[in-house]
Amino acid sequence: MLFFLYDLLVSLEPLYTRKASVFDDELGLFGGAMSVTVHRKKKVWKLAALLQLPITIIVILMLVWTTAEINYQRPHFIFGPIQESIDKLKQSLAEFRLPVGRILGANDDFPDVSLYLSGGDIEQMLTAVGEADVTDSNQPVKQLPYRKAELVIDGVQYDVKAGLKGGRRIHWGMPEHWSYKVKVDEPNSLGSYRFSIQKPVTRNYIYEWVFHELLRYEGLISRGYSFANFSVNGNPRGVYAIEQRVGPDLLRENNKKIGPVIGFDEPFSRESLGPDVETWDLMPVKVIGGFDNDAEYLELAAYATSLMEDFRNGILSVDEVFDARAMGTFFAIADVLETFHATTPANLQFYLNPDTMKFEPVGYDAHFNDKQYPVLAAELYNFRTSKGFWGFGTWYARFFQDVSGGNSEFYAEYINALSQLTANGFMETFLADIDDELQRNLDFLYSELNFADTFAFHPVTGFTPFFYYSESKLTDRRSYVSSRLERLQAPVVSVDFDNDPDYPEVYITNRNRLPVVIHGGQDKYLFQAHDSRRIDGSLL
């Protein structure tokens, strides 16, 4: 307030300091002008200080009066988000930790990782970041090549290749918080040959770790995700997250045979397109590296690419291309943790199992959201806009809106997984199993002040500037998903015997916002939300 008043009074200065201005003109001496200017500034500061208290009181009274006059109407569009933000701020302060030992540096149970880059390489990175700022595109950063570097892990030195990474500005907008990608050819105590090093805020802190732990708990492919003390060229950078990237070591740790892992590339800036543009069709399939390119692997990789293109083009169905249990469970986990970010084709990666020749999900960049979206994965095809969640409506529709029934196995596994994950005691048992490591990680994270990622919040459901972990976030989301399942209604069935009493026509209407599968003998019928159609009488 004081600075505001000072600026205001300075702008009005000619109205009450006309004589001083004339004196300056007449004096015509630099030193004299400076002394008079300093004198005037002192007078302005005194006047600003005198006015600050009464103006502050008037502003507060006006705010209180305005709030009282409007609040009795219960206007959700104004005070709902404000109250949500206040509640989240209070909770973030209530959950705040002060691990004195960790703050003082007692963190020997976490690895010390130091990266050493040449001055020339850092200059090239700064240039790329500058271009990204000017063009408002992440492409200059994403296109940076790996550079030779040195990595020291707990005193052991390795020759590595490293580079800048990150699709979002939060990865590269501030040099002190840069995110890096690293390749190392030797076995090391981190257990990975390819990994990312990034500030925990880029993945929303401990929630990313919980996500990978739940994937592992449910028997899905899970990456290594841990925390370390990090420095660059001897300059401490604080707590960083170590995220395992795709490679043979990832598959072996998950007891999988070596096979290709593919994903979808984004050769464009999503920010420049906006959320209303359907983008899945614009994204080429890419084979993710890190494997020996022998003839057998190359053949499998070519097959994986072709398989995914056939799925995108509608030639093959969900059940023909994906492992139904793995994909159904993955989407259900995204529902329960509200990690929809991990389900977009921009983030989800796919391992082709050489035994089944079907894809299994490889979770990545879940980025837990505290947005409290009133939606399940099955509804993302038209959520937020007509183009669906982040413009990937056709992607979600292929999984959840296939009226031909080509996704019935997947959908049955999805509902089964939702029922299991929301069952009484499941979440509590899972959290109890990981609690010791979770608490250790949280204490380490709280050894420095953790600011929130604004991407994780929504204006309607509130914002807090500080990160905080709360088990109630997970259990509340579980309760919402459970309530959605409990509200599923039986379809409306009508039977027409007029044409042929022996083979009546059956009309079925699904009254739910979620699809339902109706079984009859050897047949399965998938009815999308509010779908109504006729089938033959074989169900009777």
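Residues numbered from 1 in each chain as written. Predicted model: local features only at pLDDT ≥ 70, side-chain atom pairs only at ≥ 80, totals over all residues. Heavy atoms only, no water.

**Student:** Help me understand the overall build of the protein chain in this model?
**Tutor:** If you tally the helices and strands in the protein chain, you get 20 helices and 16 strands. For the protein chain, the proportion of its 540 residues judged to be buried stands at 48%. Put simply, of all contacts in the protein chain between residues at least 6 apart along the chain, 67% involve residues at least 24 apart. (Helix = DSSP H or I, 4+ residues; strand = E, 2+ residues; numbered from the N terminus. Buried < 20%, exposed > 50% of the residue type's maximum accessible area, 1.4 Å probe, protein only. Contact = heavy atoms within 4.5 Å.)

**Student:** Hey, could you run me through the sheet that holds strand β5 (residues 194-198) in this one?
**Tutor:** The strands that make up a sheet are held in pairs by hydrogen bonds between backbone atoms, and each pair lies either parallel or antiparallel. Taken in spatial order, the seven strands close into a barrel running β1-β2-β3-β4-β5-β7-β6, and their pairing is mixed. With strand direction ignored, the average angle separating the axes of adjacent strands in the sheet is 40°. As judged from the four bridges shared by strand β1 (residues 112-116) and strand β6 (residues 225-232), these two strands associate in the parallel manner. Across the sheet, the residue bridging to D112 is N229, located in β6. (Pairing = 2+ DSSP bridges. Axes fitted to C-alpha atoms, helices over the stretch in contact; angles between N-to-C directions.)

**Student:** Help me out: how do you make sense of a nonpolar patch on the surface in this one?
**Tutor:** Nonpolar side chains collect at one region of the surface, where F96, L98, V100, I103, L104, L449 and F451 lie side by side and expose about 740 Å² of accessible area between them. Within the fold, L104 resides in the loop between α6 (100-103) and β1. (Patch = residues over 30% accessible without salt bridge, like charges linked within 9 Å, V, L, I, M, F, W, Y side chains within 5 Å. Areas by Shrake-Rupley, 256 points an atom, 1.4 Å probe, with all protein chains shown as cover. Salt bridge = Lys/Arg side-chain N within 4 Å of Asp/Glu carboxyl O.)

**Student:** Can you help me understand empty space enclosed by the protein in this one?
**Tutor:** Over the atoms, a rolling probe the size of a water molecule traces out where space has been left empty. The final tally for this structure, using the stated rule, is two cavities of 30 Å³ or more. In the lining of the largest cavity, the residues fall into seven nonpolar, one polar and two charged. In this structure, the second largest cavity spans a volume of roughly 40 Å³. Along the walls of the second largest cavity sit D121, Q124, M125, L144, P145, R147 and L164, which together make up its complete lining. At three residues, helix α7 (residues 119-135) tops the list of elements feeding residues into the lining of the second largest cavity. Tallied by class, the residues present in the lining of the second largest cavity amount to four nonpolar, one polar and two charged. (1 Å grid on protein atoms, 1.4 Å probe; cavity = no way out; pocket = protein on both sides within 12 Å on 5 of 7 lines; lining within 4 Å. Points joined across faces, edges and corners; volume = space filled by probe spheres on them. Nonpolar A, V, L, I, M, F, W, Y, C, P; charged D, E, K, R; others polar.)

**Student:** How should the environment of T394 be read in this particular structure?
**Tutor:** The residue T394 is located in helix α16 (residues 393-400) in this model. Each C-alpha atom, one on T394 and one on N382, is 9.0 Å from the other, the two residues being twelve residues apart in sequence.

**Student:** Looking at this structure, how should I read the layout of surface pockets?
**Tutor:** One number sums up the size of the largest pocket: a volume of about 1200 Å³. For the largest pocket, the lining is made up of 43 residues, of which K142, G167, K286, A346 and Y364 are closest to its centre. Within the residue set of the lining of the largest pocket, elements represented by two or more residues are α8 (139-142), β4 (180-184), β8 (261-264), α12 (270-273) and β9 (285-287). Grouping the constituent residues of the lining of the largest pocket by class yields 14 nonpolar, 14 polar and 15 charged. What the second largest pocket holds in volume is close to 390 Å³. Taken together, 16 residues make up the lining of the second largest pocket; nearest its centre are M174, H177, K199, V201 and F451. Looking at the lining of the second largest pocket residue by residue, the class counts come to nine nonpolar, three polar and four charged.

**Student:** How should helix α13 (residues 295-312) be read in this particular structure?
**Tutor:** At 3.6 residues per turn, the α-helix brings residues three or four places apart onto the same side. Between its first and last C-alpha, α13 extends 26 Å over 18 residues, near the 26 Å set by a 1.5 Å rise per residue. Along α13, the residues classified as buried are Y297, L300, A301, A304, L307, M308, F311 and R312. End-on view of α13: buried residues confined to an arc of 135°, all on one side of the axis. Opposite the packed face of α13, turned more than 90 degrees from it, sit the exposed residues A295 and E299. Trailing α13 by a residue or two, G314 shows a phi angle of about 80°, which is positive. (Expected span 1.5 Å × (residues − 1). Arc of directions from axis to C-beta.)

**Student:** Would you explain the confidence of the model for the protein chain in this entry?
**Tutor:** Any segment with low pLDDT has predicted coordinates that should not be analysed in fine detail. Summing up the model confidence of the protein chain, the mean pLDDT is 82 and the portion of residues at 70 or higher is 76%. Considering each helix and strand of the protein chain separately, the mean pLDDT is smallest for helix α3 (residues 18-27), with a value of 36, and largest for strand β11 (residues 359-362), with 98. Within the model, the stretch residues 1-38 combines pLDDT values under 50 with 32 contacts to residues more than four positions away or in other chains. (pLDDT = per-residue confidence, 0-100.)

**Student:** Before we go on, may I ask you to explain the packing of aromatic side chains in this structure?
**Tutor:** The geometry of an aromatic ring pair is captured by the separation of the ring centres together with the interplanar angle, meaning the angle of the planes. One pass over the full model with this rule turns up 43 aromatic pairs. Ring centres 5.7 Å apart and planes at 85° place the aromatic pair F96 and Y446 in the edge-to-face group. With F96 in the loop between α5 (76-94) and α6 and Y446 in the loop between α19 (435-445) and α20 (471-486), this pair connects stretches of sequence that are 350 residues apart. Given a relative accessible area of 41%, F96 falls into the partly exposed group. When the ring of F230 is compared with that of Y240, the centres are 4.6 Å apart and the planes differ by 45°; the resulting orientation is tilted. One end of the pair, F230, is in strand β6; the other, Y240, is in strand β7 (residues 235-244), with ten residues separating them in the sequence. (Phe/Tyr/Trp six-rings, centres within 6.5 Å; stacked < 30°, edge-to-face > 60°.)

**Student:** What's the story with the side chain of S114 in this structure? I'm lost.
**Tutor:** As for its position among the elements, S114 is in strand β1. Ignoring sequence-local partners within four residues, the contact set of S114 consists of E150, L151, V152 and S231.

**Student:** Whenever I open this one, the pattern of salt bridges confuses me. Can you help?
**Tutor:** It is possible for side chains of opposite charge to pair when their charged atoms get near one another. Applying the stated rule across the entire model yields 17 salt bridges. A salt bridge links R147 to D121; its shortest N-O distance comes to 3.8 Å. In this pair, R147 sits in strand β2 (residues 147-153) while D121 sits in helix α7, placing the two residues 26 residues apart along the sequence. A residue is classified by how much of its surface remains accessible, and R147, at 26% relative accessible area, is partly exposed.

**Student:** Explain the pairing of β7 to me, please; I cannot follow it from the model alone.
**Tutor:** Along a regular strand, successive side chains alternate from one face of the sheet to the other. Where β5 and β7 come together, four bridges link them in antiparallel fashion. Of the residues in β7, the one forming a bridge with I197 is I242. Strand direction decides the pairing type here: β6 and β7, joined by eight bridges, are antiparallel. Within β7, the residue paired with V232 across the bridge is N235. Linking two consecutive strands that pair antiparallel, namely β6 and β7, is a turn of two residues; a positive phi of about 50° is found at N233 within it.

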